[in-house]
Amino acid sequence: MPAAKKRSTRDPRALSHEFLLRATVRDLDPPIWRGLLVPDHFTLLRLHRILQLAFGWRDAHAFEFRIAGTVYSEPFEDFNGEDARTATLASLPILEGTSFRYAYDFGDRWQVELQVEGRMPHAEGRDRLPFLLGGERAGPPDDCGGLPGYMELVKVLDDPEHPEHQAMRDWVGADYDPELFDVYAVGNAITLTAAWGGV
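Residues numbered from 1 in each chain as written. Predicted model: local features only at pLDDT ≥ 70, side-chain atom pairs only at ≥ 80, totals over all residues. Heavy atoms only, no water.

## Remarks on the layout of surface pockets
Then, number 1: Roughly 340 Å³ of volume is contained in the largest pocket.
Then, number 2: Listing elements by their share of the lining of the largest pocket, those giving two or more residues are α1 (44-55) and α3 (165-172).
Then, number 3: If you tally residues by element for the lining of the largest pocket, the top one is α1, at four residues.
Then, number 4: By residue class, the composition of the lining of the largest pocket is 13 nonpolar, three polar and six charged. (1 Å grid on protein atoms, 1.4 Å probe; cavity = no way out; pocket = protein on both sides within 12 Å on 5 of 7 lines; lining within 4 Å. Points joined across faces, edges and corners; volume = space filled by probe spheres on them. Helix = DSSP H or I, 4+ residues; strand = E, 2+ residues; numbered from the N terminus. Nonpolar A, V, L, I, M, F, W, Y, C, P; charged D, E, K, R; others polar.)

## Re the nonpolar core
Then, number 1: Grouped together as the largest cluster of nonpolar side chains are 47 residues, with contacts concentrated most on Leu44 and Phe65.
Then, number 2: Looking at this core, the elements with two or more residues in it are β1 (17-25), β2 (33-39), α1, β3 (63-67), β6 (99-104), β7 (110-121), α2 (146-157) and α4 (183-195).
Then, number 3: Broken down by element, the residue count for this core peaks at seven residues, all from α1.
Then, number 4: Those residues in contact with Leu44 that lie beyond four places of it in its chain are Phe65, Ile67, Tyr72, Ala84, Ala87, Leu89 and Leu92. (Core = buried A, V, L, I, M, F, W, Y, C linked by side-chain atoms within 4.5 Å. Buried < 20%, exposed > 50% of the residue type's maximum accessible area, 1.4 Å probe, protein only. Contact = heavy atoms within 4.5 Å.)

## Things to note about the environment of Phe76
Then, number 1: For Phe76, the location among the structural elements is in the loop between β4 (70-73) and β5 (82-83).
Then, number 2: A relative accessible area of 49% places Phe76 in the partly exposed class.
Then, number 3: When the C-alpha positions of Phe76 and Ala62 are compared, they lie 10.0 Å apart, and in sequence the two are 14 residues distant.

## Some thoughts on the sheet that holds β6
Each strand in a sheet pairs with its neighbour through backbone hydrogen bonds, running either in the same direction (parallel) or in the opposite one (antiparallel).
Then, number 1: What the eight strands build is an open sheet, ordered β5-β4-β3-β6-β7-β1-β2-β8; its pairing is mixed. Since the sheet does not close on itself, it has two edges, and those belong to β5 and β8 (131-136), each with one partner.
Then, number 2: Pairing geometry for β2 and β8, over five bridges, is antiparallel. In the sheet register, Arg34 faces β8, and the bridge partner there is Gly135.
Then, number 3: Lying over the sheet, α4 contacts β2 and β8, oriented at roughly 150° with respect to β8. (Pairing = 2+ DSSP bridges. Axes fitted to C-alpha atoms, helices over the stretch in contact; angles between N-to-C directions.)

## Details of the packing of α2 against α3
Then, number 1: The interhelical angle for the contact between α2 and α3, taken along N-to-C directions, is 115°, at an axis separation of 9 Å. Classified by the angle their axes make, α2 and α3 are roughly perpendicular. Handedness of the α2/α3 crossing: left-handed. The residues of α3 that touch α2, namely those facing Leu153, Val156 and Leu157, are His165, Met168, Arg169, Trp171 and Val172.
Then, number 2: Its residues assigned to classes, the contact of α2 with α3 shows six nonpolar, one polar and one charged. (Parallel < 35°, antiparallel > 145°, perpendicular 65-115°, else oblique. Left-handed = near helix turned anticlockwise from the far one by under 90°.)

## Description of the pairing of β4
Then, number 1: Taken together, the three bridges between β3 and β4 define a ladder with antiparallel strand orientation. Counted as the bridge partner of Ile67 is Thr70 from β4.
Then, number 2: A loop of two residues connects β3 with β4, the two strands running antiparallel in sequence, and Ala68 in this loop sits at a positive phi of about 50°.
Then, number 3: Bridge analysis of β4 against β5 gives two bridges, and the strand direction is parallel. Each bridged residue has a counterpart across the sheet, and for Ser73 the counterpart in β5 is Asp83.

## Regarding the packing of α1 against α4
Then, number 1: Where α1 meets α4, the axes come as close as 9 Å, and the angle between the chain directions of the two elements is 155°. In terms of their interaxial angle, α1 and α4 are classed as roughly antiparallel. Considering the relative orientation of α1 and α4, their crossing is right-handed. The residues of α4 that touch α1, namely those facing Ile50, Leu53 and Ala54, are Val186, Ala189, Ile190 and Thr193.
Then, number 2: In terms of residue class, the contact of α1 with α4 is made up of six nonpolar, one polar and no charged.

Listed below in structure tokens is the structure:
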């Protein structure tokens, strides 16, 4: 009698992939960007939470992704798109060399272009968590008035003689510098938050 086949104990996700994404806030020069490595079993809701941490936003407003003509978000009244809570990166038509759009805060209307720079098998021996690989410049603060408000904020902060300088500085905090981005601190925050189930 032939021996029974041994059932594999291999994690079915072990052969999954990771996406290398470059996220850039649109219409700003110099650009504000982040490089991210994200497992493909992550949902779009989890990617949204990673982007919030990466750009320093507070997840205080609605969001959506637009991918190949389809809108993904958390469902709300009269919403006709797809559910970002269940759509995984692996299930979506996102290929290397393509891009898709993330929008946050429909008042300020931040638009982030996500360029798919690579898709590779998961590396053995490394935790399957999102990683921040790089970036430049601080993200625009929440509720600063979109692109026009952000550009005015940068101008005022750069001019100590401006009559609104101190009020703006008090609003954004003493540590906010539009030109600086602490990749190590933000990267650790993303990795630790994911490890503890926060994304």
